[in-house]
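Chain by chain, the residues:
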Amino acid sequence: MPHDHHDHPHALLPPEPALRVKALETILTRKGLIDPRTLDQIIDTYQNKIGPKNGAQVVARAWSDPGFRDALMQDATAVVADLGYFGRQGEHMVAVENTPDLHNMVVCTLCSCYPWPLLGIPPAWYKSDAYRARVVREPRAVLADFGVALPKETAVRVWDSTAEMRYLVIPMRPEGSEGLSVDELAALVSRDSMIGTGLAKVAK
């Protein structure tokens with residue numbers, strides 16, 4: 001008997017990922033399995049209320065408090081949990097620090113493991129096949145795509161995030177940021193700088 005693909009629900013979904021998500025949301029809503037308003041609240045929380053703001057606060061404190069920085073590098077999971085940043089996708093954290101000699105980058109080569117409690121929803125490019133494949137093979141080329149040019153003497157290390165371990169990059173503190181408060185320092189920390197595809201903003 002010939003196999004009829006139209007017998008299966010997935011055959012009714014469009015091929016484009018965004019459209020597939022919307023179609024699945026519609027189907028699940030009609031079946032009463034999800035509440036669109038609750039879903040919107042969750043997305044809004046991670047996009048706008050959490051976003052990368054939590055991670056930026058952690059980085060700013062590491063820049064301004066050597067004791068905090070040392071504790072973070074030793075046991076990031078415990079330190080960020082003490083700050084209230086824990087939950088799904090953030091159970092096991094490791095902080096890696098950029099220096100003039102070493103630049104760190106993070107990828108998830110298998111899927112899209114990402115520290116949601118610290119950085120919010122992962123950007124689309126982080127989940128793309130292109131980024132996941134290229135950053136391991138040619139990290140400097142990927143950095144160039146993001147507008148980052150490192151000195152030749154700076155080594156690049158790529159960390160592979162997994163379900164067991166997620167990473168937070170501590171970017172180098174920008175020059176001229178001495179005397180700034182933690183909140184002012186946090187404003188210099190971008191999401192990309194905590195993934196390693198960007199640098200901290202220049203202090204004005």
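Predicted model, so just to flag it, every value in this text is computed and none were measured.

Trainee: Please clarify how the overall build of the protein chain should be interpreted in this entry.
Mentor: Helices and strands together make up the secondary structure of the protein chain, namely eleven helices and four strands. When the 204 residues of the protein chain are sorted by exposure, 36% land in the buried category. The long-range fraction of contacts in the protein chain, counting pairs at least 24 apart against all pairs at least 6 apart in sequence, stands at 67%. Looking at the protein chain as shown, the accessible area adds up to about 12100 Å², and 57% of this sits on carbon and sulfur atoms.

Trainee: Could you clarify how one ought to interpret the UniProt feature "binding site: Fe(3+)" (unreviewed entry) in the protein chain in this entry?
Mentor: According to UniProt, the "binding site: Fe(3+)" (unreviewed entry) feature falls on Cys108, Cys111, Ser112 and Cys113. Structurally, the position occupied by Cys111 is in the loop between β2 (102-107) and α6 (116-119). For Cys111, a relative accessible area of 38% translates into the label partly exposed. Of note, Cys113 is situated in the loop between β2 and α6.

Trainee: Help me understand the packing of aromatic side chains in this model?
Mentor: For any two aromatic rings, the description comes down to two numbers: the centre-to-centre distance and the angle of the planes. Tallied over the entire structure, the rule returns six aromatic pairs. Residues Trp125 and Tyr126 carry aromatic rings whose centres are separated by 6.3 Å and whose planes lie at 70° to one another, so their mutual orientation is edge-to-face. Under the relative-accessibility criterion, Tyr126 is labelled buried at 1%. Ring centres of Trp125 and Tyr131 lie 5.0 Å apart, and the angle between their planes is 75°; this geometry places the pair in the edge-to-face category. Classification of Trp125 by relative accessible area gives partly exposed; the value is 21%. Tyr131 gets classed as buried once you look at its relative accessible area, which sits at 5%. Through a chain of ring-to-ring contacts, the aromatic side chains of Tyr114, Trp125, Tyr126, Tyr131 and Phe146 assemble into a single cluster.

Trainee: Mind showing me how you'd approach the pairing of β2 here?
Mentor: Looking along a regular strand, one sees side chains alternate from face to face of the sheet. Burial of β2 is extensive: five of the six residues sit out of reach of the surface. Relative to strand β3 (residues 155-160), β2 is paired through six bridges, and the arrangement is parallel. Looking at the pairing, Asn104 lines up with Arg157 of β3.

Trainee: I tried to follow the environment of Val94 on my own but got confused; where do I start?
Mentor: Within the secondary structure, Val94 is located in strand β1 (residues 93-97). The exposure class of Val94 is partly exposed, given its relative accessible area of 26%. Remark: the alpha-carbon pair of Val94 and Gln74, spanning 20 residues in sequence, is separated by 8.4 Å. Here Val94 is in contact with Ala76, Met165, Arg166, Tyr167 and Leu168, once residues within four sequence places are set aside.

Trainee: Honestly, the packing of helix α3 (residues 53-64) against helix α4 (residues 66-74) in this entry has me stumped. Any pointers?
Mentor: Geometrically, a packed helix pair is captured by the angle between its two axes and the distance between the axes. Closest axis-to-axis distance for the α3/α4 pair is 5 Å, and the angle between their directions is 120°. Here α4 runs oblique to α3, going by the angle between their axes. For α3 against α4, the interelement crossing comes out left-handed. Taking contact as the criterion, the partners of Val58, Arg61, Ala62 and Ser64 in α3 are, on α4, Pro66, Phe68, Arg69 and Leu72. Grouping the constituent residues of the contact of α3 with α4 by class yields five nonpolar, one polar and two charged.

Trainee: What's the story with the nonpolar core in this structure? I'm lost.
Mentor: The nonpolar side chains of a soluble globular protein tend to be buried, and buried together. Core analysis: the largest hydrophobic core is formed by 43 residues, its most contacted members being Val58, Leu72, Leu118, Tyr131, Leu168 and Ile170. Counting residues per element, this core draws most heavily on α3, at six residues. Sequence-distant contacts of Leu72, that is, excluding residues within four places in its chain, are made with Val58, Ala62, Val79, Val80, Ala95 and Ile170.

Rules used in this analysis
- Residues numbered from 1 in each chain as written.
- Predicted model: local features only at pLDDT ≥ 70, side-chain atom pairs only at ≥ 80, totals over all residues.
- Heavy atoms only, no water.
- Helix = DSSP H or I, 4+ residues; strand = E, 2+ residues; numbered from the N terminus.
- Buried < 20%, exposed > 50% of the residue type's maximum accessible area, 1.4 Å probe, protein only.
- Contact = heavy atoms within 4.5 Å.
- Areas by Shrake-Rupley, 256 points an atom, 1.4 Å probe, with all protein chains shown as cover.
- UniProt positions renumbered as here; feature names shortened; annotations may be inferred.
- Phe/Tyr/Trp six-rings, centres within 6.5 Å; stacked < 30°, edge-to-face > 60°.
- Pairing = 2+ DSSP bridges.
- Axes fitted to C-alpha atoms, helices over the stretch in contact; angles between N-to-C directions.
- Parallel < 35°, antiparallel > 145°, perpendicular 65-115°, else oblique.
- Left-handed = near helix turned anticlockwise from the far one by under 90°.
- Nonpolar A, V, L, I, M, F, W, Y, C, P; charged D, E, K, R; others polar.
- Core = buried A, V, L, I, M, F, W, Y, C linked by side-chain atoms within 4.5 Å.

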